[in-house]
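Listed below, chain by chain, are the residues.
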Amino acid sequence: MIRSILFSTILLIACTIAQSTWFGGIAIFGVVPDLSLLVLIWMSYKNGPVEGPVSGFLSGLVEDFLSASPLGFHAFLRTVVAAATALLHESFFIDKLFLPLLLGITGTIAKAIAAGALYLLFGSSIHAYSFIGRVLWVEAAYNGVLAPVAFLLLAPLSRFLVTERGRG
């Protein structure tokens, strides 16, 4: 379990750094895909209720230190999304296209809802998505389209990212 959390957290941090530095070139309407969210969703679905939220919290905390967001903002968002995804652990068979697409879209919407809850609690110092603006929906579509590719590329890494309990 500790090995899975360690590798997952390192991968999530690497994805966060990659998307903040290199993904600007593939932005659509100024929106880049949230690759670390997709990785978090995949490993939370595969592992269950412990590894995903812990890795999400740790990588979110690192992201908070690297960004201008209030401390705990990304840690909270990642933990909420990972915990919600972990509730689906082994509930469905992950096909190659439809379920990854659905998980990518709903994970992005769950992230937006969690950010909105923080906005309601703490006010304007928190970044919240507008549910009537295009940024949220472009990001959700972008993450949904990239989720099948990300899930396919993550499958060979499952021996490092998924615990024995999650594989069986």
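Quick caveat, the model's predicted, so the values are computed rather than measured. (Residues numbered from 1 in each chain as written. Predicted model: local features only at pLDDT ≥ 70, side-chain atom pairs only at ≥ 80, totals over all residues. Heavy atoms only, no water.)

Caption draft 1: Highlighting the nonpolar core. Judged by nonpolar contacts, the single largest core of 21 residues is most densely connected at I41, W42 and F151. Among the secondary structure elements, those contributing two or more residues to this core are α1 (2–21), α2 (35–47), α4 (73–86), α5 (98–122) and α6 (134–154). A per-element tally of this core places α2 first, with 8 residues. Each residue touching F151, except ones within four places of it in the same chain, is listed here: L38, I41, W42, I94, P100 and L103. (Core = buried A, V, L, I, M, F, W, Y, C linked by side-chain atoms within 4.5 Å. Buried < 20%, exposed > 50% of the residue type's maximum accessible area, 1.4 Å probe, protein only. Helix = DSSP H or I, 4+ residues; strand = E, 2+ residues; numbered from the N terminus. Contact = heavy atoms within 4.5 Å.)

Caption draft 2: Quick look at the packing of α1 against helix α3 (residues 51–66). At a closest axis distance of 9 Å, the pairing of α1 and α3 adopts a crossing angle of 40 degrees. Here the hand of the crossing between α1 and α3 comes out right-handed. Taking contact as the criterion, the partners of S4, I5, S8, T9, L12, I13, T16 and I17 in α1 are, on α3, E51, V54, S55, G56, L58, S59, V62, E63 and L66. Of the residues contributing to the contact of α1 with α3, the split by class is 8 nonpolar, 7 polar and 2 charged. (Axes fitted to C-alpha atoms, helices over the stretch in contact; angles between N-to-C directions. Left-handed = near helix turned anticlockwise from the far one by under 90°. Nonpolar A, V, L, I, M, F, W, Y, C, P; charged D, E, K, R; others polar.)

Caption draft 3: Region of the structure containing the side chain of N143. Note on placement: N143 falls in helix α6. Residue class for N143 comes out buried when judged on its relative accessible area of 0%. Look past the residues within four positions of N143 in its chain and what remains in contact with it is P33, D34, L37, L38, G104 and T108.

Caption draft 4: The arrangement of the packing of α2 against α6 in detail. Relative to each other, α2 and α6 sit at 55 degrees, their axes nearing to 9 Å. In terms of their interaxial angle, α2 and α6 are classed as oblique. Between α2 and α6 the crossing geometry is right-handed. Residue-level contacts link L35, L37, L38, V39, I41 and W42 of α2 to N143, L146, A147, A150, F151 and L154 of α6. By residue class, the composition of the contact of α2 with α6 is 11 nonpolar, 1 polar and no charged. (Parallel < 35°, antiparallel > 145°, perpendicular 65-115°, else oblique.)

Caption draft 5: Region of interest: the packing of aromatic side chains. This structure, assessed with the given rule, holds 1 aromatic pair. Ring geometry for F7 and F160: centres 5.3 Å apart, planes at 65 degrees, overall edge-to-face. With F7 in helix α1 and F160 in helix α7 (residues 158–161), the pair connects residues that are 153 residues apart, well separated along the chain. You can call F7 partly exposed: its relative accessible area is 33%. According to the relative accessible area criterion, F160 is partly exposed, its value standing at 28%. (Phe/Tyr/Trp six-rings, centres within 6.5 Å; stacked < 30°, edge-to-face > 60°.)

Caption draft 6: Here's a closer look at the pattern of salt bridges. Tallied over the full model, the rule gives 4 salt bridges. Put simply, E63 and R78 hold a salt bridge, and the shortest N to O gap is 3.1 Å. You can see E63 sitting in helix α3 and its partner R78 sitting in helix α4, a full 15 residues away along the chain. For the pair E63 and R78, one class covers both residues: buried. Here K111 ties to E139 by a salt bridge, and the two come within 2.7 Å at their closest N and O atoms. A residue pair is termed long-range when its members are at least 10 positions apart, and K111 in helix α5 and E139 in helix α6 qualify at 28 residues. Taking relative accessible area as the criterion, E139 reaches 5% and is therefore assigned buried. Counted as one network, the salt bridges with shared partners bring together D34, E63, R78, K111 and E139. (Salt bridge = Lys/Arg side-chain N within 4 Å of Asp/Glu carboxyl O.)

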